[in-house]
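In case you want the letters, here they are:
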Amino acid sequence: MTFDSLGTTRMACKDEESKETERKMMHYLNNSTLRFDVAEQTLNFYKDDKLVMMFGLQF
């Protein structure tokens, strides 16, 4: 899966931890080729066989 030229909106209410998380996500998503899989209700993204992002269900 390849992403290119992603953008975001500016939200004044973000705390520093959220900003850092967004920065890391955008780093991996912009101009990167990632491999993904779905396992035990999580969506996992890998770059060069290293797990870089994991998304799961939250109840």
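As a starting point, this report considers the structure included with it.

Conventions we followed
- Residues numbered from 1 in each chain as written.
- Predicted model: local features only at pLDDT ≥ 70, side-chain atom pairs only at ≥ 80, totals over all residues.
- Heavy atoms only, no water.
- Patch = residues over 30% accessible without salt bridge, like charges linked within 9 Å, V, L, I, M, F, W, Y side chains within 5 Å.
- Areas by Shrake-Rupley, 256 points an atom, 1.4 Å probe, with all protein chains shown as cover.
- Salt bridge = Lys/Arg side-chain N within 4 Å of Asp/Glu carboxyl O.
- Helix = DSSP H or I, 4+ residues; strand = E, 2+ residues; numbered from the N terminus.
- Buried < 20%, exposed > 50% of the residue type's maximum accessible area, 1.4 Å probe, protein only.
- Pairing = 2+ DSSP bridges.
- Axes fitted to C-alpha atoms, helices over the stretch in contact; angles between N-to-C directions.
- Contact = heavy atoms within 4.5 Å.

Observations regarding a nonpolar patch on the surface
Here's step 1: Residues Met1, Phe36, Val38, Leu43 and Phe55 make up a contiguous nonpolar surface patch of roughly 440 Å² in combined accessible area.
Here's step 2: Locating Val38 in the fold gives a position in strand β3 (residues 35-39).

Notes on unusual backbone geometry
Here's step 1: Although it is not a glycine, Gln41 sits at a positive phi angle of roughly 65°.
Here's step 2: Structurally, Gln41 can be placed in the loop between β3 and β4 (42-47).
Here's step 3: Its relative accessible area of 59% is what places Gln41 among the exposed residues.
Here's step 4: With a phi close to 65°, Asp49 is a non-glycine residue in the positive phi region.
Here's step 5: The topology assignment puts Asp49 in the loop between β4 and β5 (50-56).

Side note on the sheet that holds β4
Here's step 1: What the 3 strands build is an open sheet, ordered β3-β4-β5; its pairing is antiparallel. Unpaired on one side and paired on the other, β3 and β5 mark the two borders of the sheet. With direction set aside, neighbouring strand axes in the sheet form an average angle of 20°.
Here's step 2: Relative to β4, β3 is paired through 5 bridges, and the arrangement is antiparallel. Along β4, the bridge assignment pairs Asp37 with Asn44.
Here's step 3: In the packing of helix α1 (residues 16-29) onto the sheet, contacts are made with β4 and β5, and the angle to β5 comes to roughly 120°.

Digging into the pattern of salt bridges
When charged atoms on two side chains of opposite charge get close, those side chains can pair.
Here's step 1: Evaluation of the coordinates by the stated rule reveals 3 salt bridges.
Here's step 2: Of the charged contacts, one joins Arg23 and Glu20 as a salt bridge, the two residues approaching to 2.8 Å between their closest N and O atoms. Linking Arg23 with Glu20, this pair stays in helix α1, spanning 3 residues, or about one helical turn.
Here's step 3: Here Arg23 falls in the partly exposed class, since its relative accessible area comes to 47%.
Here's step 4: With relative accessibility at 33%, the residue Glu20 sits in the partly exposed group.
Here's step 5: Salt-bridge contacts for Asp49 lead to Arg35; the nearest nitrogen and oxygen are separated by 3.7 Å. Taken together, the positions of Asp49 in the loop between β4 and β5 and Arg35 in strand β3 put the pair 14 residues apart, joining distant regions of the chain.

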